[in-house]
Amino acid sequence: MKKILVTGGMGYIGSHTCVQMIEAGFTPIILDNLANSKPEVLLRIARLSGHKPMFYEGDVRDRRLLDQIFSEHQIESVIHFAGLKAVGESVLKPFEYYDNNVYGSLVLADVMRQSGVKSLIFSSSATVYGEPETMPIDESFTTGAVTNPYGRSKYMVEECLRDIQQAAPDLSIALLRYFNPVGAHPSGLIGEDPQGIPNNLMPFIAQVAVGRRESLSIFGDDYLTADGTGVRDYIHVMDLADGHIATLKAVAQTAGLHIFNLGTGKGSSVLEMVKAFEEACGHPIPYQICPRRGGDISECWAATDKAAQLLGWKASRSIEQMSADTWHWQSKNPNGYEQ
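Now for a description of the structure that goes with this document. Here the structure is a predicted model, which is why all the values come from computation and not from measurement. Here the residue numbers are simple positions, counted from 1 along each chain's written sequence. Per-residue local features of the predicted model are confined to residues with pLDDT of at least 70, and side-chain atom pairs are confined, for both listing and counting, to 80 or more; whole-chain, interface and lining totals are unaffected and use all residues. Excluding hydrogens and water, the side-chain figures rest on all heavy atoms present in the structure.

**A word on the side chain of Q20**
Reasoning step 1: In this fold, Q20 is placed in helix 1 (residues 12-23).
Reasoning step 2: Residues count as neighbours in contact if any of their non-hydrogen atoms are within 4.5 Å of one another. Once residues lying within four places of it in the same chain are set aside, the contact partners of Q20 are M238, A241, D242 and I245. Note on conventions: DSSP H or I runs of at least 4 residues are helices, E runs of at least 2 residues are strands, and numbering of each starts at the N terminus.

**Re the packing of aromatic side chains**
Reasoning step 1: We call Phe, Tyr and Trp rings a pair once their centres come within 6.5 Å, taking the six-membered ring for Trp, and we label the pair stacked below 30 degrees between planes, edge-to-face above 60, and tilted otherwise. Scanning all chains against the criterion turns up 3 aromatic pairs.
Reasoning step 2: Ring geometry for F277 versus W327: centroids 6.1 Å apart, planes at 80°, classification edge-to-face. Here F277 is found in helix 9 (residues 270-281), whereas its partner W327 is found in helix 11 (residues 319-332), with 50 residues between them in sequence. Summarising the burial analysis for this pair, F277 and W327 share the class buried. Per-residue accessibility, obtained with a 1.4 Å probe over protein chains only, is compared with the maximum for each type, and a residue is labelled buried under 20%, exposed over 50%, and partly exposed between these values.

**Observations regarding the nonpolar core**
Reasoning step 1: Only buried Ala, Val, Leu, Ile, Met, Phe, Trp, Tyr and Cys residues count toward a nonpolar core, and they belong to the same one when joined by side-chain atoms within 4.5 Å. Counting 40 residues, the largest nonpolar core has M21, L248 and W313 as the members making the most contacts within it.
Reasoning step 2: Those elements that place two or more of their residues in this core are strand 1 (3-7), helix 1, helix 2 (40-49), strand 6 (172-178), helix 8 (237-250), strand 11 (256-262) and helix 10 (305-311).
Reasoning step 3: Apart from residues lying up to four places away in sequence, M21 is in contact with I4, V6, F26, P28, I79, I245 and L248.
Reasoning step 4: L65, V107, L120 and L171 belong to the second-largest nonpolar core, a separate cluster that totals 25 residues.

**Let's talk about the pairing of strand 3 (residues 54-57)**
Reasoning step 1: Alignment of strand 2 (residues 27-32) against strand 3, held across 4 bridges, turns out to be parallel. Bridge pairing in strand 3 places D32 opposite E57.
Reasoning step 2: Convention used here: a crossover is right-handed provided that the path from the first strand, over the helix, to the second strand proceeds clockwise when the strands point away from the viewer. Between the parallel pair strand 2 and strand 3, the chain is carried across by helix 2, and the sense of this crossover is right-handed. In this scheme, strands are said to pair when DSSP sees at least two bridges between them.

**Some words on the layout of surface pockets**
Reasoning step 1: Put simply, the second largest pocket is a space of about 260 Å³.
Reasoning step 2: Buried and open spaces are told apart on a 1 Å grid over the protein atoms alone, a cavity being a set of points where a 1.4 Å probe fits but cannot get out and a pocket being an open set with protein on both sides within 12 Å along at least five of seven lines. Residues with an atom within 4 Å of a point are the lining residues. For the second largest pocket, the lining is made up of 15 residues, of which A109, R113, I164, A168 and L171 are closest to its centre.
Reasoning step 3: For the lining of the second largest pocket, the secondary structure elements donating two or more residues are helix 5 (94-115) and helix 6 (149-167).
Reasoning step 4: Tallying contributions element by element places helix 5 first for the lining of the second largest pocket, with 5 residues.
Reasoning step 5: We call Asp, Glu, Lys and Arg charged. Ala, Val, Leu, Ile, Met, Phe, Trp, Tyr, Cys and Pro are nonpolar, and the rest, Gly among them, are polar. Counted by class, the lining of the second largest pocket contains 10 nonpolar, 1 polar and 4 charged residues. Grid points are joined across faces, edges and corners, and a volume is the space filled by probe spheres set on the points.

**Here's the deal with the sheet that holds strand 6**
Reasoning step 1: Spatial strand order, 3-2-1-4-5-6-11: 7 strands in an open sheet with parallel pairing. Every other strand in the sheet has two partners, leaving strand 3 and strand 11 as the edge strands with one partner each. When the angles between neighbouring strand axes are averaged without regard to direction, this sheet yields 20°.
Reasoning step 2: In this structure, strand 5 (residues 119-125) lies alongside strand 6, joined through 7 bridges in parallel fashion. When the bridges of strand 6 are listed, L120 appears paired with I173.
Reasoning step 3: In this analysis an axis means a line fitted to C-alpha atoms, helices contributing only their contacting stretch, and an angle means the value between N-to-C directions, from 0 to 180 degrees. On the sheet, helix 8 packs against strand 1, strand 4 (75-80), strand 5, strand 6 and strand 11 and is oriented at approximately 165° with respect to strand 6.

**Some thoughts on the packing of helix 7 (residues 201-209) against helix 11**
Angle between the axes and distance between the axes are the two parameters that describe a pair of packed helices.
Reasoning step 1: Helix 11 packs onto helix 7 with a crossing angle of 55° between their chain directions and a minimal axis gap of 10 Å. Between helix 7 and helix 11, the angle falls in the class oblique. With respect to the hand of their crossing, helix 7 and helix 11 are arranged in right-handed fashion. When helix 7 is examined against helix 11, the residues M202, P203, A206, Q207 and A209 are found in contact with a partner set consisting of M322, S323, T326, W327 and Q330.
Reasoning step 2: Grouping the constituent residues of the contact of helix 7 with helix 11 by class yields 6 nonpolar, 4 polar and no charged. Oblique is the label for every angle not falling under 35 degrees (roughly parallel), over 145 degrees (roughly antiparallel), or within 65 to 115 degrees (roughly perpendicular). Here a crossing is called left-handed whenever its near helix is offset anticlockwise from the far helix by less than a right angle, and right-handed whenever the offset is clockwise.

In structure tokens, the structure reads:
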């Protein structure tokens, strides 16, 4: 069975991807420093998949630990999720974001080079596109006009990896630009468990629905959209996980720089997401309209033709499914992974 190193494999997207990897016949080796995840996740992955992955607790910047992992296992490919990801926090802590996200990726790439591992899938973000003038966003759009250190760190890593692949053309490097991951495993065993106040819409709605928070803040209802609230491309985390499996199978062993959007190809407004969640949980979600946040764009969704053609992958789960699975997770685990 092919061994895949998964950095940040205990996190939200990483854990769902590990479950799908095991089902697809891959063996994940997880490296995670547990900065934004819990040890309990490993047990949940084992319950769901029947296999408890090998887990190393540590940091992607720890060269000695990476050397150990690559010497102990014949790693075929690396999926690199590990990194900090809160936009607001990145503005307050830019050094930590560049240190974790950019320097960490360079340490990983260097140890891969020394170990002769030639395949990397990088967890990037649609934030690298900035605010495009037209929709939908396809992979040929200009990148780099980002508005915060988090987005800039993703853009910087992409540019570093582009140069590294150009200098070593036998490498396979895939840049996967996610849109807005939401939802949870349909079992309700694993899901999104943000530390502190959620930065993203869906976990915030879920915490209001389960009684952990009083009401949802909606930032702006005067955008040029159908109902005035911002429109985003929300993708079910299970579809996103399947996108990584498709990438492993289709291009991970093919030399080149491979860039794919992972989204659904359509946008949903904040109020549409609230309505879908109200149907899932069976009661109203109290919310208040607040002023717009600086840097927020009115609408954003992906062109997904390239992933469909070259990966044979397409997102299939609806916002109703995303809401139902999120509610199943949150209602079974009102305090997340805390026992």
